[in-house]
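If you want the building blocks of each chain, they are given just below.
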Amino acid sequence: MSDKGTPNTLNKVSIRPGVSVLSVLRHLNYKPWFALAEFVDNAVQSFVQHRDALEALQGKDFKVEVRINVESTKPGRISIKDNAGGIAQADFPRAFRPAAVPTDTTGLSEFGMGMKSAACWFSPRWHVRTKALGEDVERTVRFDVDQIVHDQLEELEISPTPADTNLHFTEVVLEDLHHVPVKRSITKIKEHLTDIYRVFIRDGLLELYFNDELLTYAEPSVLTAPYVRDKGGEPQTWRKDIHFDFGEGLSVTGFAALRDPGNFARCGFALFRRGRLIQGSGDEGYRPQLIYGQPGSFRSLRLFGELHLEGFEVSHTKDGFRWDENELPFLELLKEHIDSDDLPLLRQADGYRALASRNERKEAAQKAVDRTTEAMAEGLPSTLPVVADEPPEETPTAALSKQTILAQRELTINFRGQQWLIKVELTDEPAESQWLTISDQAGADGAPNIIEIRVALAHPFMVSFAQTDPDDVEALLRVAAGLALAEKLARLAGQKYTGTIRRNLNDILREALSQP
């Protein structure tokens, strides 16, 4: 790997076809954790490629260390630095040219787009500073996408600096960010990155830092309990190994298990290839309906696992598998394995019930309180003065306007000798600005009073917190129904402007409390 030339051996690097490709990369459908993962992939792959030389220099206990630092204050800045083998002079022509496929495509770097696409998605201006092990030059390459496009540049200058041959690192710095990670998204990024690299972290090969915090993966606890159809049976550990072969180089290994305690957000399968998670990180576990049934099922509360897929293709952003015609056979085999009679995980998940411990409920409660108060602190100072100055409002007495209805139902009750016809609706009207809308229509000539209760599922609050999980939707619908009926009772008690509280609630939810 020795660089026997002078520091000026390589002065420029080609980026062809840079102009046509770099300018559109910011529009890729990346999620920030998968974009950041591209840089970590390069570091891990560099470590694997140069492991013998790195361990000869640093010792057998050497680990690759990646440090991601994010400055969220606009315009934003991200730096990613690793202590792997660096980018050698011989690799520069490939490393900086979009779609230049590496000679070895069996590792984590296989498409020749990762660093370029992720950097341009995050930033219009970025640079790479690298020092390859065994070479005596540190090199810096700077990308200004607007200038590259405007001037139709096909080569970029390399800034060389003499350096110790034993140094080895790469640092990528992204500036003036298109996508600035903020507090809540940073929490998710850390969760997803920990999941994506859990195998390398678990095996002691990688130390991954985010804003100087070492990311560690906590193994979920596995349920130990008797089989629900054998109450007097011995407790079993509800975890089983998975292995099946499709032929033609396609195979799956790993495990499936049931969590204890259950956790809707953290259940689902994590799908890996080459030790790196591709699909199912964080709260986005792979939960196919064929195995999990409907959202909110008891299987969705407990069933999880890790599956390592070999021979399957992935998307160029490495955030999903390209199944072709293989997903259905894969799921059918997986279901057969995880619910076989020797340890029927699905049947156990369907039938097992347990109350979460007080500590678990306390932890969930504290997270909910923390997140809610953070949202209030951010949104209420600008929202409350506007809401407070609005005039009082009465409950509408005319029928609600027609909207696109997703679900509806009516019931009739008798309250103190008067019939109430209560209509409950969930709508999907994108233009609806109110989370909860009601009307209170007096019945004429002995006809029942009509109370309409409508909740907008397309409202930003519902989009953030309750869309497809029926338990989440039901909980908020019950709260809405309670508010609507409380408003009706207040009117009967002679209270004026009973619609003011609901109107204020709608405004506060929309303006201050809808961001996750």
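Computed from a predicted structure; not experimentally measured.

Conventions adopted
- Residues numbered from 1 in each chain as written.
- Predicted model: local features only at pLDDT ≥ 70, side-chain atom pairs only at ≥ 80, totals over all residues.
- Heavy atoms only, no water.
- Helix = DSSP H or I, 4+ residues; strand = E, 2+ residues; numbered from the N terminus.
- Contact = heavy atoms within 4.5 Å.
- Areas by Shrake-Rupley, 256 points an atom, 1.4 Å probe, with all protein chains shown as cover.
- Core = buried A, V, L, I, M, F, W, Y, C linked by side-chain atoms within 4.5 Å.
- Buried < 20%, exposed > 50% of the residue type's maximum accessible area, 1.4 Å probe, protein only.
- Phe/Tyr/Trp six-rings, centres within 6.5 Å; stacked < 30°, edge-to-face > 60°.
- Lys NZ or Arg CZ within 6 Å of the ring centre and 35° of its normal.
- Patch = residues over 30% accessible without salt bridge, like charges linked within 9 Å, V, L, I, M, F, W, Y side chains within 5 Å.
- Salt bridge = Lys/Arg side-chain N within 4 Å of Asp/Glu carboxyl O.
- Lys, Arg positive; Asp, Glu negative; His and termini not counted.
- Charge placed at Lys NZ, Arg CZ, Asp CG, Glu CD.
- Pairing = 2+ DSSP bridges.
- Axes fitted to C-alpha atoms, helices over the stretch in contact; angles between N-to-C directions.
- Parallel < 35°, antiparallel > 145°, perpendicular 65-115°, else oblique.
- Left-handed = near helix turned anticlockwise from the far one by under 90°.
- Nonpolar A, V, L, I, M, F, W, Y, C, P; charged D, E, K, R; others polar.

### A closer look at the overall build of the protein
Okay, so step 1: Along its length, the protein carries 16 helices and 22 strands.
Okay, so step 2: Taken along its principal axes, the extent of the C-alpha atoms in the protein is 100 × 65 × 40 Å.
Okay, so step 3: For the protein, contacts bridging at least 24 residues in sequence account for 71% of all contacts bridging at least 6.
Okay, so step 4: Accessible area for the protein stands at about 25600 Å²; split by element, carbon and sulfur atoms hold 51% of it.

### What about the nonpolar core?
Among soluble globular proteins, nonpolar side chains are generally buried collectively.
Okay, so step 1: Judged by nonpolar contacts, the single largest core of 61 residues is most densely connected at Leu 36, Ile 68, Phe 96, Leu 174, Leu 193, Tyr 197 and Leu 206.
Okay, so step 2: Contacts of Leu 206, omitting those with residues within four sequence positions, involve Val 40, Val 44, Val 64, Val 66, Tyr 197, Phe 200 and Ile 201.

### Notes on the packing of aromatic side chains
Okay, so step 1: Under the definition given, this model contains 19 aromatic pairs.
Okay, so step 2: When the ring of Phe 312 is compared with that of Phe 321, the centres are 6.4 Å apart and the planes differ by 85°; the resulting orientation is edge-to-face. Across the pair, Phe 321 and Phe 312 agree in class, each one buried.
Okay, so step 3: Stacked on the ring of Phe 255, the Lys or Arg Arg 239 has its end atom at 4.1 Å from the ring centre.

### Describing a negative patch on the surface
Okay, so step 1: On the surface, a cluster of negative charge is contributed by Glu 248, Glu 313, Asp 324 and Glu 325.
Okay, so step 2: Summarising the element assignment, Asp 324 is placed in the loop between strand 18 (321-322) and helix 11 (327-338).
Okay, so step 3: Judged by relative accessible area, Asp 324 falls into the exposed class, the value being 65%.

### A look at the pairing of strand 15 (residues 276-279)
Okay, so step 1: Across three bridges, strand 14 (residues 268-273) lies against strand 15 in antiparallel orientation. Opposite Arg 273, over in strand 15, you have Arg 276 as the bridge partner.

### Quick word on the pattern of salt bridges
Okay, so step 1: For the structure on display, the rule yields 38 salt bridges.
Okay, so step 2: Here Lys 318 and Asp 41 are joined by a salt bridge, their closest N and O atoms 2.8 Å apart. Separated by 277 residues along the polypeptide, Lys 318 in the loop between strand 17 (313-314) and strand 18 and Asp 41 in helix 2 (residues 32-49) bring together distant segments of the chain. Here Lys 318 matches Asp 41 in class, with each residue buried.
Okay, so step 3: One network of salt bridges, with partners in common, ties together Asp 195, Arg 198, Arg 202, Glu 219, Arg 266 and Glu 306.

### Quick notes on the packing of helix 2 against helix 5 (residues 114-122)
Okay, so step 1: Interhelical geometry of helix 2 versus helix 5 gives an angle of 140° and a closest axis separation of 9 Å. The orientation of helix 2 with respect to helix 5, classified from their angle, is oblique. Like other packed secondary-structure pairs, helix 2 and helix 5 cross with a definite hand, here left-handed. Residues Pro 32, Ala 35, Leu 36, Glu 38, Phe 39 and Asn 42 of helix 2 lie in contact with helix 5, whose contacting residues are Gly 114, Met 115, Ala 118, Ala 119, Trp 121 and Phe 122.
Okay, so step 2: Residue classes in the contact of helix 2 with helix 5 are distributed as nine nonpolar, two polar and one charged.

### Remarks on the sheet that holds strand 21 (residues 436-441)
Okay, so step 1: Ordered in space as 19-20-22-21, the four strands form an open sheet in which the pairing is mixed. The open sheet has two edge strands with one neighbour each: strand 19 (405-415) and strand 21. Strand-to-strand twist across the sheet, computed as the mean angle between neighbouring axes with direction ignored, equals 15°.
Okay, so step 2: Bridging between strand 19 and strand 20 (residues 418-427) involves ten bridges; their strand directions are antiparallel. In the strand pairing of strand 20, Ala 407 is matched with Leu 426.

### Quick word on the environment of Ile 451
Okay, so step 1: Here Ile 451 lies in strand 22 (residues 449-456).
Okay, so step 2: Contact partners of Ile 451, with chain neighbours within four places excluded, come to Trp 420, Leu 421, Ile 422, Lys 423, Ser 439, Asp 440, Leu 485 and Lys 488.

### Here we look at the environment of Gly 114
Okay, so step 1: Tracing the backbone shows Gly 114 in helix 5.
Okay, so step 2: Distance from Gly 114 to Ala 37, taken between C-alpha atoms, is 8.9 Å for residues 77 residues apart in sequence.

### Focus on the sheet that holds strand 15
Okay, so step 1: Ordered by their spatial adjacency, five strands build an open sheet running 12-13-16-14-15, and the pairing between neighbours is mixed. Single-partner strands in this sheet number two, and they are strand 12 (239-247) and strand 15. Strand-to-strand twist in this sheet, taken as the mean axis angle between neighbours without regard to direction, amounts to 25°.
Okay, so step 2: Taken strand by strand, helix 11 contacts strand 12, strand 13 (250-258), strand 14 and strand 16 (303-310), and its axis lies near 145° from that of strand 12.

### Focus on the pairing of strand 12
Okay, so step 1: Direction of pairing for strand 12 relative to strand 13: antiparallel, over a ladder of eight bridges. Pairing of Ile 242 across the sheet is with Gly 254, part of strand 13.
Okay, so step 2: Linking strand 12 to strand 13, which pair antiparallel, is a turn of two residues; within it Glu 248 sits at a positive phi near 55°.

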